[in-house]
Amino acid sequence: QKYGYFHCKDCKTRWESAYVWCISGTNKVYFKQLCRKCQKGFNPYRVEAIQCQICSKTRCSCPQKKRHIDLKRPHRQELCGRCKGKRLSCDNTYSFKYIV
């Protein structure tokens, strides 16, 4: 699981997502995400490891964790190529919060 940056060239919408699924050890993306405005599928133009903003490590032991992501923000299942149309979404089946 990686953090991705997206840009829809048609409507100029930009978004970020902590639910970018890549082949292990690479930045090759498995699933596209849909633009919320025009519903076209896109791969991220940039991906990076999800990391702590305090120590910049992907797995850390900081007493107060300040994450690259907001775990309280809901996952947009209807825009996700991995879990769209399925009963369980990415944030319930396998997520960064379980690897920390």
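Rules used throughout
- Residues numbered from 1 in each chain as written.
- Predicted model: local features only at pLDDT ≥ 70, side-chain atom pairs only at ≥ 80, totals over all residues.
- Heavy atoms only, no water.
- UniProt positions renumbered as here; feature names shortened; annotations may be inferred.
- Salt bridge = Lys/Arg side-chain N within 4 Å of Asp/Glu carboxyl O.
- Helix = DSSP H or I, 4+ residues; strand = E, 2+ residues; numbered from the N terminus.
- Buried < 20%, exposed > 50% of the residue type's maximum accessible area, 1.4 Å probe, protein only.
- Pairing = 2+ DSSP bridges.
- Patch = residues over 30% accessible without salt bridge, like charges linked within 9 Å, V, L, I, M, F, W, Y side chains within 5 Å.
- Areas by Shrake-Rupley, 256 points an atom, 1.4 Å probe, with all protein chains shown as cover.
- Phe/Tyr/Trp six-rings, centres within 6.5 Å; stacked < 30°, edge-to-face > 60°.

An unreviewed UniProt entry lists the protein under the name ZAR1L protein, with Urocolius indicus given as the organism. Under Subcellular location (unreviewed entry), UniProt gives the following word-for-word description of the protein: "Cytoplasm, Cytoplasmic ribonucleoprotein granule". What the UniProt record of the protein gives under Sequence similarities (unreviewed entry) is the line "Belongs to the ZAR1 family."

S.K.: Hey, could you run me through the pattern of salt bridges in this one?
M.R.: For side chains of opposite charge, pairing can occur when their charged atoms come near one another. A complete count under the given rule lists two salt bridges for this structure. Between Asp10 and Lys40 there is a salt bridge, with the nearest N and O atoms lying 2.4 Å from each other. Residue Asp10 is found in the loop between strand 1 (2-7) and strand 2 (14-20), and its partner Lys40 is found in the loop between strand 3 (33-34) and strand 4 (41-42); the two are separated by 30 residues along the sequence. On the basis of relative accessibility, which here comes to 42%, the residue Lys40 falls in the partly exposed class. Note that Arg46 and Glu48 form a salt bridge whose closest N and O atoms lie 3.0 Å from each other. Since its relative accessible area comes to 40%, Arg46 is described here as partly exposed. Relative accessible area serves as the criterion here: at 21%, Glu48 is assigned to the partly exposed category.

S.K.: It is not clear to me how the pairing of strand 1 should be interpreted in this structure. Could you clarify?
M.R.: Here is the key point about a regular strand: its side chains alternate between the two faces of the sheet. Counting buried residues along strand 1, five of its six residues qualify, which places the element largely inside the surrounding structure. Sheet analysis places strand 1 next to strand 2, joined by five bridges and oriented antiparallel. Paired with Tyr5 across the strands is Glu16, a residue of strand 2. Connecting strand 1 to the next strand, strand 2, in antiparallel fashion are six residues, including Lys12 with a positive phi near 65°.

S.K.: What is the right way to look at a nonpolar patch on the surface in this model?
M.R.: A cluster of nonpolar residues, Ile23, Tyr30 and Phe31, forms a patch on the protein surface that exposes about 280 Å² of accessible area. Position of Phe31 relative to the elements: it lies in the loop between strand 2 and strand 3. Relative accessible area serves as the criterion here: at 31%, Phe31 is assigned to the partly exposed category.

S.K.: Help me out: how do you make sense of the packing of aromatic side chains in this one?
M.R.: For any two aromatic rings, the description comes down to two numbers: the centre-to-centre distance and the angle of the planes. On inspection of all chains with the given rule, the structure shows four aromatic pairs. Geometrically, the ring pair formed by Tyr5 and Tyr45 is tilted, given 6.4 Å between the ring centres and 45° between the ring planes. Residue Tyr5 is located in strand 1, and its partner Tyr45 is located in the loop between strand 4 and strand 5 (46-48); the two are separated by 40 residues in the primary sequence. Since its relative accessible area comes to 13%, Tyr5 is described here as buried. An aromatic cluster of at least three residues, connected via ring pairs, comprises Tyr3, Tyr5 and Tyr45.

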